Structure formats: structure tokens, C-alpha cells
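# Survey of secondary and tertiary structure
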Amino acid sequence: MALQKKKTPMRSQRPAERINNFSEVPYGYNQEEALREAERCLHCAKSPCITGCPVSVPIPQFIKALKEEGVAKANQILKSKNNLPAICGRVCPQESQCEKVCILGVKHEPVAIGRLERYVADQMLEQDEQATITMQDSGKERAALSGKRVAVVGSGPAGLTAAADLARAGFAVTIFEALHDTGGVLRYGIPEFRLPKKILDQEVDYIKQLGVEICVNAVIGRSITVDELFEQGYQAIFIGAGAGLPRFMNIPGEDLNGVYSANEFLTRVNLMKAYKFPQYKTPVKIGQTVVVVGAGNVAMDAARTAKRLGAEKVVIVYRRSEQEMPARDEEIEHAREEGIIFKLLNNPVALFGSDGRVTKMECIRMELGQEDDSGRRRPIPVEGSNWVMEVDTVIVAIGQSPNPLLTQNTARLATHSWGGIIVDQKQATSREGVFAGGDIVTGAATVIEAMGAGKKAAESIKEYLENKQGG
Ligand SMILES: Cc1cc2nc3c(=O)[nH]c(=O)nc-3n(C[C@H](O)[C@H](O)[C@H](O)COP(=O)(O)OP(=O)(O)OC[C@H]3O[C@@H](n4cnc5c(N)ncnc54)[C@H](O)[C@@H]3O)c2cc1C
Ligand code: SF4
């Protein structure tokens, strides 16, 4: 396939302005822009874009409906496959999914499917029609209530999706969430300027209106065990507990004050509302120079957040080159526009401090060798190329693993050596009646992949409960 053309930039807050606030950066399409973009879709017979979407959204159909029947119909089509379109329209890596395989992308710019999805979902949220669930979503088309109960562990995209699909299928669903609020990474990880909390709240409200109960501050594996959930009458359990345990570099000095995991840093900002400064006084002391290690979405979010909290200089240190950076194109572009400095092909080897606080970072330059197991060229240290920079804060964003609390406290639940739950093709775990999906199965991945797994698990749970004797 020919090289993908870069997307036309979207109207957004100017960089000099937005680094001083936490408001959303891209504005989204207005009606004229949305209809103009919708006109570009060829409604291809084979629709490769649908295959490129992990939840198989009927893309040409919703685009056609937007042009011919209006947003309400387009939204209904979107929602038939995607329970969280306003979120996906904002955070999905479309350039490596639906838009990557869009036929128009061979010679021109692909259809901006994500932006159209956001437009439709936002219009509906604005009209507050989301609050009144359409007849298709509500009791009319829902199966008769089966009397069967399903417990969902975790309210991230995997859990929310599984819960919504199961509720629509007529099951009584309760989500158990460890934190005091819903959304998983969508709330405590992704910053306000990329995904406003209001949008998330509206999407979660929709799921509640499908009949899903949400029980917060409930840590499964501690407050209640999986066995106790079965004893309480749940006949199947879906585990979507994510991968919230940060990885560290394991280099000298990493225990100094001023060294955060991106997870801790972003959680403090998001859950303790530092993004609403100065009304909320959150204890995130960052100083003038912040270094973020890593180049995924998490790293871009941490770097752009540090900038908004007042850091003068924010540097991303990454051991590979630009080509291998895993973040979404748009996040990298926005970070650059906001003045984030990229020190690529460099890797930290030690941190130094004074009075217990980090003050310096030693790095070594890297070069790329042969491809490794991940298909990317392996970074190799260049001997004798070490250099030192002064730092006030270091944020480590090199990946997350599953938190072992639930898996270690659940008997007969098979896991990989790295902590992920082992599932079969149907998302079924080694324990009867227990299914799992999302980051806890794959390791840190994407919102839409977690949703895809939640959907598949919901189908399997439905089949399991329908076939279960005397259940
Ligand atoms: C900062 C950041 C930015 C990201 N940006 C993007 C992006 O732009 N695009 C993209 O596609 N992906 C992005 N991702 C990745 C994406 O958010 C995750 O892949 C996705 O959220 C995984 O969904 P999940 O439902 O499996 O888990 P999570 O979202 O992690 O949700 C798991 C939930 O389970 C709860 N939980 C955990 N253990 C228990 C327990 N024992 N009992 C009860 N509840 C429990 C957690 O509190 C959490 O709420 C980003 C990730 C981060 C951290
Ligand atoms: S591949 Fe592109 S042009 Fe074809 S139907 Fe999908 S979005 Fe439209």
C-alpha cells in the first residue's frame, strides 16, 4: 500500500494559548466541515475500513446516514457497534486502523473517520439526546430480562463495553470498580485536554441508562473475591482490570524524590484535579526542567501536562528514532507544536541527586541495529557517548503491567509469567464462568482493542449463560 498522506490539521487552540490551560486542543468539525468530509467517502463495496476497526463499526453506513438522514441515524449506526464513540473519535489511533486501510489513502488523504465519529457523537451529546436512549437501545429491543447476573471487574473501556453489551442482551450487570470513579485510564490517565471528563461522564451515563449498576471503591481480590462474587449469585464474571502497574528503568537513583512514574504523575493531576488549578492545590512539584522517558501516548500526555503545569523546558528522551515512536501521530505533532524537545536515540543510565531530590540525569547515545522480536530495530548503546543534563523532575513512561492483586488472590486463574491473564479465542479464562479482556490480557494496548475484547467476551458470556444448565 502506498504511503499514507498526512491528515489536514484540524482547527484547534493555538499552541501559545493552550500550554496555559487544560481545555481540549482540537475543536472538532462544524457541520459544514463534517458534511464536506463525509462527501469524500466512496462507500466502497468491500469497505476495508470496517475490517480495520477492532469493533467493526459500519463506517460507510454511518457516513452515508450522516449525509442523508442526519446525526441521530448516524449515531444509531455507530452505537450499534461502539458504545463509546465520542471517546474513540478522540483517542483511537485511526492512522494505524480504519484510516490506514481507507481506499482514498492510497493516493490521497484517507477519509477522516475518527473526526466524523467525534462529530456525530458530540452532536448527540450536545443535543442531550444521549440521555434519552433511543427505542432501539432501550427495553424494546433488549432481550427479555433473563434473571441472570454478571459481574464486571473494572470500569475501563473493556469493562464498560462488556457491561453495555450484556445489559442490552438482557442480563443484570454490576461493574465493580476499585477507584472512587469510573473510566479507568480514560479518567485517571488521559488528560483533560485530550479527553474532557464531561465527555467521559456522558458516555458512562449512557451505559448506566442501559441498566448497568456501578459499585465504586470495590477492589476485587481484596474487598470481595471472585469466589465471593459467585457465592453472591453472579453466574459469570468479566475481568477488565487493566494494566496499572508502572514499569521502571531499574537504574541507579530512580528512588530519588522528583522521579515519578507517568501513572502516578497523571493520576495525581487527573484525579486530584491539578488540571483545575488554581482552585485545586495538587501537590505536584515539577520545577523548571522535566524529562519524560519514553515516546508512547503516555509519555506525550505526561510531557504536555508538565508543560501546562508550568515547566519551562520539557524533554522527551527515547532510545529509538522518530520512526519507532509508538504515540499517535497527532499527539506527537501537538507535543512538538507546544515546544516539547525530543532527544531521540538516547537512553538514561543513571540519576543523581542532592538532599534526596533528583538533580541530574546521565544518558548514553544509542544507534539502531537489527530488528528485534517486536519488528523494530534494536537500540544499541554507543560506547563512550555518555552525557549529563540538569533536571528537576523525571517522569518514567516506559510501559505498564497488570496489577497482580486480583490474579494472585484468585485460585485457578492461569496467568502468563508477566502477569497477564491467559484466555482462549472466546476470552474465557482457565476458570469456568470467568472471562477477561483488555490490557489485563494483552498488556498495555489501546482503548479500541480493549473495547473489542469486551465485546467478544460479552458474546461468549451470553452463549455460556444461555447454554448453562439450570443457571
Ligand atoms: C496516559 C495514557 C494515555 C493513553 N492514551 C491512549 C490513546 O490516546 N489511545 C488509545 O487507544 N489508548 C491509549 N492508552 C491506552 C488505553 O487507555 C488502554 O489500553 C485502555 O484504557 C485499556 O482498557 P482496560 O479497560 O483494559 O483497562 P483500564 O482502562 O486500565 O481500566 C481498568 C479498570 O479496572 C480497575 N481495576 C483494576 N484492578 C481492579 C480490581 N482488583 N477490582 C476492581 N477494579 C479494578 C481500575 O481501577 C480501572 O478503572 C493510554 C494509556 C495511558 C495510561
Ligand atoms: S475505505 Fe474509505 S472511502 Fe471506502 S468506504 Fe471506507 S471510509 Fe469510505
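Residues numbered from 1 in each chain as written. Chains lettered and ligands numbered in written order. Predicted model: local features only at pLDDT ≥ 70, side-chain atom pairs only at ≥ 80, totals over all residues.

### Remarks on the domain arrangement of the chain
As assigned here, the chain comprises domain 1 (15-126), domain 2 (149-244 + 402-467) and domain 3 (248-398). In this assembly, six residues from domain 1 lie in contact with eight residues from domain 3. A class-by-class count of the residues in the side of domain 1 that touches domain 3 yields five nonpolar, no polar and one charged. (Domains from an automatic or database assignment. Contact = placed C-beta atoms within 7 Å. Nonpolar A, V, L, I, M, F, W, Y, C, P; charged D, E, K, R; others polar.)

### Some words on the packing of helix H4 (residues 59-68) against helix H5 (residues 71-79)
Two elements in contact, H4 and H5, have axes separated by 7 Å at closest approach and are oriented at 170 degrees. Classed by the angle they form, the pair H4 and H5 counts as roughly antiparallel. Along this stretch, H4 crosses H5, giving a crossing that reads as right-handed. Packed against H4, whose contacting residues are Gln61, Phe62, Ala65 and Leu66, the element H5 presents Val71, Lys73, Ala74, Ile77 and Leu78 at the interface. When the residues that make up the contact of H4 with H5 are grouped by side-chain class, the tally is seven nonpolar, one polar and one charged. (Axes fitted to C-alpha atoms, helices over the stretch in contact; angles between N-to-C directions. Helix = DSSP H or I, 4+ residues; strand = E, 2+ residues; numbered from the N terminus. Parallel < 35°, antiparallel > 145°, perpendicular 65-115°, else oblique. Left-handed = near helix turned anticlockwise from the far one by under 90°.)

### Observations regarding the site of ligand 1
Not every one of the 42 residues close to ligand 1 is listed here, only the nearest: Gly154, Gly156, Gly184, Gly242 and Gly438. When residues of the shell around ligand 1 are traced back to their parent elements, those giving at least two are helix H8 (157-168), helix H13 (297-308), helix H15 (404-408), helix H16 (439-442) and helix H17 (447-467). A class-by-class count of the residues in the shell around ligand 1 yields 24 nonpolar, 14 polar and four charged. (Near = placed C-beta within 6 Å.)

### A word on H13
In this model H13 runs 16 Å from its N-terminal to its C-terminal C-alpha over 12 residues, within 8% of the 16 Å that 1.5 Å per residue would give. Counting buried positions over the 12 residues of H13 gives 12, a clear majority of the element. What H13 keeps buried is the set Asn297, Val298, Ala299, Met300, Asp301, Ala302, Ala303, Arg304, Thr305, Ala306, Lys307 and Arg308. If you follow the buried residues of H13, they end up packed against helix H12 (262-271), strand E7 (289-293), strand E8 (313-318), helix H14 (329-337) and strand E14 (393-396). Positive backbone phi, approximately 110 degrees, marks Gly310, located one or two places after H13. (Expected span 1.5 Å × (residues − 1). Buried ≥ 20, exposed ≤ 12 C-beta atoms within 10 Å, placed from the backbone.)

### Details of the sheet that holds strand E9 (residues 341-344)
Spatial ordering of the open sheet is given by E6-E14-E7-E8-E9, a layout of five strands whose pairing is parallel. The open sheet is flanked by strand E6 (259-261) and E9, the only strands paired with a single partner. Along the sheet, successive strands turn relative to each other by an average axial angle of 20 degrees, direction set aside. Sheet analysis places E7 next to E14, joined by four bridges and oriented parallel. If you follow Val293 over to E14, its bridge partner there is Val396. (Pairing = 2+ DSSP bridges.)

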